[in-house]
Amino acid sequence: MDSRRIPAALALLCAALLTAACGKAPAPAPAPTPEPERSSTSGKILSGSEVYRPAIVSIENAAGARPQTGLMEADIVYEFLVESNITRFQALYSDSVPTLVGPVRSARYYFIDLQQEWNGLYAHIGYTGLSGRYSRGWSDCPIHLSGGEWFDRIEKQGVSSVHSMYLYLADAIANEYGDHAPERQERFLFGEGVSYPDAQQVSRVDVPFTGSTDLYYTFDAASGRMLRFQDGKAFESLSGNDQSVREQVAVTNLIIQHCDYGLVPADLQPGENKGRRTVELTGTGACEYIINGRLLTGTWERETLEDYTRYYLDDGSLVTLEAGNTWIEVIPTSAEIVVS
């Protein structure tokens, strides 16, 4: 045998022996499946063709305004105290845009602070102007609607005309947004089948905006959602696309955000002194989260009005919500929810 071939033969023999001793070489591990891109407002999986156009509408919650129209189509609904024991909704629409929403009512300075972090369309009827540190303008609102062709007064039998102003939201967005292109922000994360097995199970949570507020949610295990009740009744909403459809408000994620409330000094309420409230939407505060019937705690944080709010768990991570709608109850710092 040619001596030059001996090293090659030995190499082949060693390879054969190694294969026989160890079996086949392991196949390479599969590449991890990338996480789908999700909407930052509802957790919906995005196809990549969606146009992000958030819109906030000021919708009233006086007893005479119920049932409202279009609340169940909102991705996120914030609820704030206004005067006395009355609350008002700031309903944010993005992934689902109904034809009609309302009744639309006036803005407060802290609603302007809220819309600033979303940098989209804001719609209301009327505005309570204050002075001093509570004075706000509309320069930071890129698309501001307060009356005009997309609003319509829809009178209903037995309902005061003050509760009759509605907004054709889909038309307003389609015609008013133009080239404005806000960026998506990561306030919280979303997933499906989100599980917090070590967290407390919740059957009911009472949300006391004031000592006279009768507002609570109960957990519906069949749907995995929180059902809203107010003033001793199931709290219902009409569909913004078909007002013959009426359903109880059901919430996938419930966030209770504790903020500092106060009263505007009389001299900063020129000409009215109607007990207007203050709400601090910057800084940090406590949060409770109810997700899939489980209670978790954490904090919210927003450094400045130019920043946006982030929602954290106690371990410092962004909270992961279940894909679906979210209601954020902005209650006074001194108020405590009751969980059973």
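Residues numbered from 1 in each chain as written. Predicted model: local features only at pLDDT ≥ 70, side-chain atom pairs only at ≥ 80, totals over all residues. Heavy atoms only, no water.

Caption draft 1: Region of interest: the pattern of salt bridges. Inspection of the entire model under this criterion finds 14 salt bridges. Between Arg228 and Glu79 there is a salt bridge, with the nearest N and O atoms lying 2.8 Å from each other. Remark: Glu79 occurs in strand E3 (residues 76–81) and Arg228 occurs in strand E13 (residues 225–230); sequence separation between them is 149 residues. Both residues of the pair, Arg228 and Glu79, count as buried. With its nearest N and O atoms 3.1 Å apart, the salt bridge here joins Asp307 to Arg310. Because the salt bridges share partners, they merge into one network encompassing Glu79, Arg228 and Glu329. (Salt bridge = Lys/Arg side-chain N within 4 Å of Asp/Glu carboxyl O. Helix = DSSP H or I, 4+ residues; strand = E, 2+ residues; numbered from the N terminus. Buried < 20%, exposed > 50% of the residue type's maximum accessible area, 1.4 Å probe, protein only.)

Caption draft 2: Region of the structure containing the pairing of strand E22 (residues 294–302). Relative to E22, strand E10 (residues 200–201) is paired through two bridges, and the arrangement is antiparallel. Directly across from Gln200, in E22, lies its bridge partner Leu295. What sits between the antiparallel neighbours strand E21 (residues 283–291) and E22 is a turn of two residues, in which Asn292 has the positive phi angle 50 degrees. Sheet analysis places E22 next to strand E23 (residues 310–313), joined by four bridges and oriented antiparallel. Bridge pairing in E23 places Thr299 opposite Tyr312. (Pairing = 2+ DSSP bridges.)

Caption draft 3: Main features of helix H3 (residues 169–176). Regarding H3, the residues found buried are Leu169, Ala172 and Ile173. Along the axis of H3, the buried positions cluster into a sector of 95 degrees, meaning they face one direction only. Buried residues belonging to H3 abut strand E1 (55–60), strand E4 (87–93), strand E5 (121–123), strand E6 (143–145) and strand E8 (165–167). Looking one or two places after H3, you find Gly178, whose phi comes out positive at around 60 degrees. (Arc of directions from axis to C-beta. Contact = heavy atoms within 4.5 Å.)

Caption draft 4: Region of the structure containing the environment of Thr297. Mapped onto the elements, Thr297 comes out in strand E22. With relative accessibility at 36%, the residue Thr297 sits in the partly exposed group. Between the C-alpha atom of Thr297 and that of Ile256, which follows or precedes it by 41 residues, the distance is 9.5 Å. Not counting the four nearest positions on each side in its chain, Thr297 is found in contact with Cys287, Glu288, Tyr289, Tyr312, Leu313 and Asp314.

Caption draft 5: Main features of helix H2 (residues 109–118). For H2, the buried fraction is high: ten of the ten residues fall into the buried class. If you check which residues of H2 are buried, you get Tyr109, Tyr110, Phe111, Ile112, Asp113, Leu114, Gln115, Gln116, Glu117 and Trp118. Residues of H2 that are buried sit in contact with E1, E3, E4, E5, strand E20 (277–279) and E22. In the stretch just after H2, Asn119 is the one whose phi turns positive, near 55 degrees.

Caption draft 6: View of the side chain of Thr210. Turning to its location among the elements, Thr210 is positioned in the loop between strand E11 (204–206) and strand E12 (215–220). A polar contact is formed between the side chain of Thr210 and the side chain of Asn85, at a distance of 2.8 Å. Dropping the residues within four chain positions of it, Thr210 is found in contact with Leu81, Ser84, Asn85 and Arg277. (Polar contact = N/O pair within 3.5 Å; in protein donor to acceptor, adjacent residues only side chain to side chain.)

Caption draft 7: Here's a closer look at the environment of Glu35. Residue position: Glu35 is located in the loop between helix H1 (6–22) and E1. The class for Glu35 is exposed, based on a relative accessible area of 71%. Each C-alpha atom of the pair Glu35 and Ile45 lies 9.8 Å from the other, and the pair is ten residues apart in sequence.

Caption draft 8: Region of the structure containing the packing of aromatic side chains. The tally for this structure, following the rule as stated, stands at 13 aromatic pairs. Geometrically, the ring pair formed by Tyr78 and Phe80 is stacked, given 6.5 Å between the ring centres and 20 degrees between the ring planes. On the basis of an interplanar angle of 85 degrees and a centroid distance of 5.3 Å, the ring pair of Tyr109 and Tyr110 is categorised as edge-to-face. Judged by relative accessible area, which is 2%, Tyr109 ranks as buried. (Phe/Tyr/Trp six-rings, centres within 6.5 Å; stacked < 30°, edge-to-face > 60°.)

Caption draft 9: Structural context of the layout of surface pockets. By volume, the largest pocket amounts to about 220 Å³. In terms of lining, the largest pocket is formed by Ala63, Arg66, Pro67, Gln230, Asp231, Lys233, Ala234, Phe235, Glu236 and Arg246. (1 Å grid on protein atoms, 1.4 Å probe; cavity = no way out; pocket = protein on both sides within 12 Å on 5 of 7 lines; lining within 4 Å. Points joined across faces, edges and corners; volume = space filled by probe spheres on them.)

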